[in-house]
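Spelled out from the first residue to the last, the chains are:
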Amino acid sequence: MDNVNDNSPFIEHFIDTIVKFLDDVQYNEPHHSLAPEPRANFESIYEESLRFFTQPTIQEQLSLRYDVITKATRTTSRLTLYCWPNIPRKVMAQIAIHFTELHIMDDSPKDYHADMATFFSDLLDGNEQKVPYWRVTLGQIPNLLCHFEPYTQYNIFRSIIDYYQSCWIEAREFNGYRGSDRYPTELRRLGQLGACMGSFIFPRTMSDEAGQFEDITSAIVHTEPVGALVNDLFSFYKEGVVADVYGTAERNNLVMNVCHVKGLSIKEGFDEIAADAIRAVHKAQEVFDGSHSVVAEDGIHAFIRGYIRWHFCDQRYRMGELYDASYRFENGRRFREYCDMAWNAGGVSMDQPMFEAVEKRVSTRRQSKGSLLGSIFGRVWGWFGLSLH
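Just so we're clear, the structure is a prediction, and the values are computed from it rather than from any experiment. (Residues numbered from 1 in each chain as written. Predicted model: local features only at pLDDT ≥ 70, side-chain atom pairs only at ≥ 80, totals over all residues. Heavy atoms only, no water.)

Visitor: Could you clarify how one ought to interpret the pattern of salt bridges in this entry?
Guide: Pairing is possible between side chains of opposite charge, provided their charged atoms come close. Going through the model one piece at a time under the given rule, you end up with 25 salt bridges. In this structure, Asp67 and Arg65 form a salt bridge, with 2.9 Å as the shortest nitrogen-oxygen distance. You can call Arg65 exposed: its relative accessible area is 54%. Between Arg158 and Asp162 there is a salt bridge, with its nearest N and O atoms 3.1 Å apart. You can see Arg158 and its partner Asp162 sitting in helix α9 (residues 150–171), four residues apart, about one turn around the helix. Classification of Asp162 as buried rests on a relative accessible area of 14%. Within the structure, one salt-bridge network assembled from shared partners comprises Arg158, Asp162, Arg182, Glu186 and Arg189. (Salt bridge = Lys/Arg side-chain N within 4 Å of Asp/Glu carboxyl O. Buried < 20%, exposed > 50% of the residue type's maximum accessible area, 1.4 Å probe, protein only. Helix = DSSP H or I, 4+ residues; strand = E, 2+ residues; numbered from the N terminus.)

What follows is the structure, given as structure tokens:
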């Protein structure tokens, strides 16, 4: 990593903090590699997601570059596989597509006020949405919701609106008023998608919503803070540390907002989020201690383990850079052990060949479809030409 020494003291503190977090929550991987069935699921999820976003009808509306699609679908396919490993493959695929839509929405420039001007009137009147993103999302969402019962459907849909609101607020670069302690956590709750993350544990084929209502509600309550705080802990390296070396740091994340409203230093704000993340994971582990349904118990613990693993394995979080930098620090060996454990469990070494094989199949299929349609239309046009003669 170039210029890593420019921020070495905080990088060492970041590594120390991550190691302490993982030690305290007893992060461990029961498997030393990704088994054949999860690997097959990963390939299937990625392929279905890629096929969805490369459809001509979707491309016409969203106008996405192919590299943007592959990058987003790789990230969301991995997230889905790791965090909800026990649910049916067809549900995983719909979750990955859903997360990719949200990912694309977050990264796309927009005028939120203008985009939402007719959203509710069109929704209530049954009219087509004016904004392409909403047309695609609302057109696809029934394919996800059909795998869940009413209460979880409600929470999944609610999370879309919450997430959009958080992006709207963040686009204004408003860090909250000084002294407004609740502002950072409320903004983060809106953007975390905890309502859907907890709901995804309970597809209709695996649960009885009426009988497990308390489990579902409690799962949502605890995935919200875990999802937000663990993400903000791991992502601060790419958003706050590296960004300060290479350019402007992201100023509207949880750490920065906490520092702003409370008047804290960056280190103090980061340490506060790290302590809160440990408490949130401990509380989820404590509540789901073996006294609830198997679906809820296994689902919560799999989610926590998979969510931590995802942050190690997804390239956006740049753990490989920290791995290389860690040789100079006291806790470096322990950090590298955690990296190796997560990477092995996630099957990272085998990802690239799989990605390339899937992308080749999808590309070949698109080309063959185009050739077939061209051939058909050519023949039809020929017939019309003959009839005119």
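Visitor: What's the story with helix α10 (residues 182–192) in this structure? I'm lost.
Guide: Count 3.6 residues to each turn of an α-helix, and residues three or four apart come out pointing the same way. Along α10, the positions that sit buried rather than exposed are Tyr183, Pro184, Leu187, Arg188, Leu190, Gly191 and Gln192. Just beyond α10, the residue with positive phi is Leu193, at close to 65°.

Visitor: Hey, could you run me through the packing of α9 against α10 in this one?
Guide: The N-to-C vectors of α9 and α10 enclose an angle of 130°; their axes lie 6 Å apart at closest approach. Put simply, α9 runs oblique to α10. The residues of α10 that touch α9, namely those facing Arg158, Asp162, Tyr163, Gln165, Ser166, Ile169 and Glu170, are Tyr183, Leu187, Arg189, Leu190 and Gly191. Residue classes in the contact of α9 with α10 are distributed as five nonpolar, three polar and four charged. (Axes fitted to C-alpha atoms, helices over the stretch in contact; angles between N-to-C directions. Parallel < 35°, antiparallel > 145°, perpendicular 65-115°, else oblique. Contact = heavy atoms within 4.5 Å. Nonpolar A, V, L, I, M, F, W, Y, C, P; charged D, E, K, R; others polar.)

Treat this as a map of the structure, not an account of what it does.
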